[in-house]
Amino acid sequence: MKKKFLIILSVTLILFMQINAKHIEANSAIVDESTVKLRILETTDIHSYLLDYNYEKKKKTIEFGYNRVASLIVQAKKEQRNTLLFDVGDVIKGSPLAEYVASSPMFYSTDIHPAYKSMNLMGYDAATVGNHEFNFGLDFLLNTLMGADFPYTNANIYVDDRNGYEQDDIHFFQPYLLLDKMVVAEKGKMENLKVGVIGLITPITQEWDKEHFKDKLIIKNMRKTAEEIIPQMKKEGADLIIALVHAGLYSDQDYWPKSGNNVRDISKVEGIDVILYGHSHGIFPVKGEKGPKGVNHEKGLINGKPAVQAGNWGNHLGIIDLTLRKKKGKWVIADSKSTAKPIIRIIKKKKISIVSPMPQIEYILSRYQHDTLEYMNSKDLLNHLD
Ligand SMILES: [Zn+2]
């Protein structure tokens, strides 16, 4: 009887130890694995259309305006607890308000550009420059960017040292950023994600704005630059790399070399995980559209990589929803969905607004808007705007 009891006891003990060992094993797998939902938001080509105002028709509009897309940003941030917000350039030139600001010397000394007064409200993580940022010259650009309370990055604009060597070339902006982003994983655990951000611009900018670039700055091939810099970002621990690309799906016309200077080529760069782009004022993805080759409108992929383009003048918000999974300490994109969310909906051929303008922006801008309308009356402004 006693012997039988001992056998039963030792079998129970062995079973208990085995179960416990399995439990520990399972626990260590959980420690090493994690799932995070991350939402990446994009604005682009705002061109200082900060208010929902059509300057040509001299009346309010529901079709564009940063104060309207700003409401979509607030909404998108409410829907998902882990978010990042980026702008992809062409902020400070385009609208009559931008012309008025550029004509006013106070912006060299005391005031912050109204575009940044508005954008600073929204909590941007980073931005990159567009070609139009250079239209008013480098002094104006650098003074204006000081008003942004978020970092700017660009990798392929270099100081022109005219010595013929590439090895000692210096970047004009910070070439990339590594943002430490605390995120909440699906099981409530906090995770630190190192988000690498690289900015790239179409090299045709230096031709279009020759007078501001000549003997000062040069722009190198986008793809070549990215391929040089991405390994460094990886070495410094980037878990996820987002490219902010101020260039369209296709290279700008009449520019040589076209190769390497468009979004499709950037999507082939190893190590780039996500692409936010702008410049060509297009929308990506477009529901129901097919192709071209390598372009998936249904999920918003370009050569398999999540991408988005948010139109212009604040008429769309770019949204990329990522599911990230950590396996053995390495983060991978398990799933993604890109959307270019419009500020209006078309129902029975009628344009319906789906957002209200953000009152804080209207309040901040009222003085500038008033002065812009006066300035417009004094000049024939509308005939030479982009
Ligand atoms: Zn542009």
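Going by the structure above, here's the rest.
About the thresholds
Residues numbered from 1 in each chain as written. Predicted model: local features only at pLDDT ≥ 70, side-chain atom pairs only at ≥ 80, totals over all residues. Heavy atoms only, no water. Buried < 20%, exposed > 50% of the residue type's maximum accessible area, 1.4 Å probe, protein only. Helix = DSSP H or I, 4+ residues; strand = E, 2+ residues; numbered from the N terminus. Pairing = 2+ DSSP bridges. Donors = N, O, S within 2.8 Å, 3.2 Å for Na, K, Ca; no water. Tetrahedral: all angles 85-135°; square planar, octahedral: opposite > 155°, others 65-115°. Phe/Tyr/Trp six-rings, centres within 6.5 Å; stacked < 30°, edge-to-face > 60°. Lys NZ or Arg CZ within 6 Å of the ring centre and 35° of its normal. Contact = heavy atoms within 4.5 Å. Axes fitted to C-alpha atoms, helices over the stretch in contact; angles between N-to-C directions. Parallel < 35°, antiparallel > 145°, perpendicular 65-115°, else oblique. Nonpolar A, V, L, I, M, F, W, Y, C, P; charged D, E, K, R; others polar.

Asker: Got a minute to help me understand the pairing of strand 10 (residues 240-246) in this structure?
Answerer: Consecutive side chains along a regular strand alternate between the two faces of the sheet. Of all seven residues making up strand 10, seven are buried, and the element is well covered by its neighbours. Of the two faces of strand 10, the one holding Leu240, Ile242, Leu244 and His246 and the one holding Ile241, Ala243 and Val245 are both buried throughout. One ladder, built from four bridges, connects strand 10 with strand 11 (residues 274-277); its direction is parallel. Within strand 11, the position partnered with Ile242 by the bridge is Val274.

Asker: Honestly, the coordination of the zinc ion in this entry has me stumped. Any pointers?
Answerer: Tetrahedral metal sites with four donors have an ideal angle of 109.5 degrees; octahedral sites with six donors have ideal angles of 90 or 180 degrees. Those protein atoms acting as donors to the zinc ion are Asp90 (OD), Asn131 (OD1), His246 (NE2) and His279 (ND1), and they sit at 2.1 to 2.3 Å. Each of the four donor atoms bound to the zinc ion contributes to angles spanning 87 to 165°, and the resulting shape is irregular. The class of Asp90 is buried, set by a relative accessible area of 1%. Asn131 gets classed as buried once you look at its relative accessible area, which sits at 6%.

Asker: Help me understand the packing of aromatic side chains in this model?
Answerer: Between two aromatic rings, the relevant description is the distance of the centres plus the angle of the planes. Inspection of the entire model under this criterion finds 14 aromatic pairs. Ring geometry for Tyr53 against Tyr55: centres 5.0 Å apart, planes inclined by 75°, an arrangement best described as edge-to-face. Accessibility expressed as a relative area gives 14% for Tyr53, which makes it buried. On the basis of relative accessibility, which here comes to 3%, the residue Tyr55 falls in the buried class. With a centroid separation of 5.3 Å and 75° between ring planes, the pair formed by Phe136 and Phe140 is classed as edge-to-face. Of the residues examined, Phe140 reaches a relative accessible area of 2% and is grouped as buried. A network of ring pairs unites the aromatic residues Tyr49, Tyr53, Tyr55, Phe64 and Trp313 as a single cluster. One cation-aromatic arrangement involves Lys220 over Tyr158; the distance from NZ or CZ to the ring centre is 4.1 Å.

Asker: Can you walk me through the side chain of Thr128 in this structure?
Answerer: Inspection of the secondary structure puts Thr128 in the loop between strand 5 (126-127) and helix 5 (138-145). Beyond its immediate chain neighbours, meaning those up to four positions away, Thr128 contacts Asp87, Val88, Gly89, Tyr152, Thr153, Asn154, Gly199, Leu200 and Leu244.

Asker: Looking at this model, I keep getting lost on the packing of helix 3 (residues 96-103) against helix 10 (residues 359-378). Mind explaining?
Answerer: If you want to describe how two helices pack, look at the angle between their axes and the distance between the axes. Remark: helix 3 packs on helix 10, axes separated minimally by 9 Å, with the N-to-C direction vectors making an angle of 90°. In this view, helix 3 runs roughly perpendicular relative to helix 10, as classed from their interaxial angle. Here Pro96, Leu97, Glu99, Tyr100 and Ser103 of helix 3 lie close against helix 10, whose contacting residues are Tyr368, Gln369, Asp371, Thr372, Tyr375 and Met376. When grouped by side-chain class, the residues that make up the contact of helix 3 with helix 10 number six nonpolar, three polar and two charged.

Asker: Please explain the sheet that holds strand 17 (residues 330-342) as it appears in this structure.
Answerer: Strand pairing in a sheet is mediated by backbone hydrogen bonds. Such pairs are either parallel or antiparallel. Taken in spatial order, the five strands make up an open sheet running 5-4-1-16-17, and their pairing is mixed. Two strands bound the open sheet, and with one partner strand each, they are strand 5 and strand 17. Sheet contacts for helix 2 (residues 66-79): strand 1 (34-43), strand 4 (83-87), strand 16 (316-327) and strand 17; angle to strand 1, the most-contacted strand, approximately 175°.

That is the geometry; function is a separate question.
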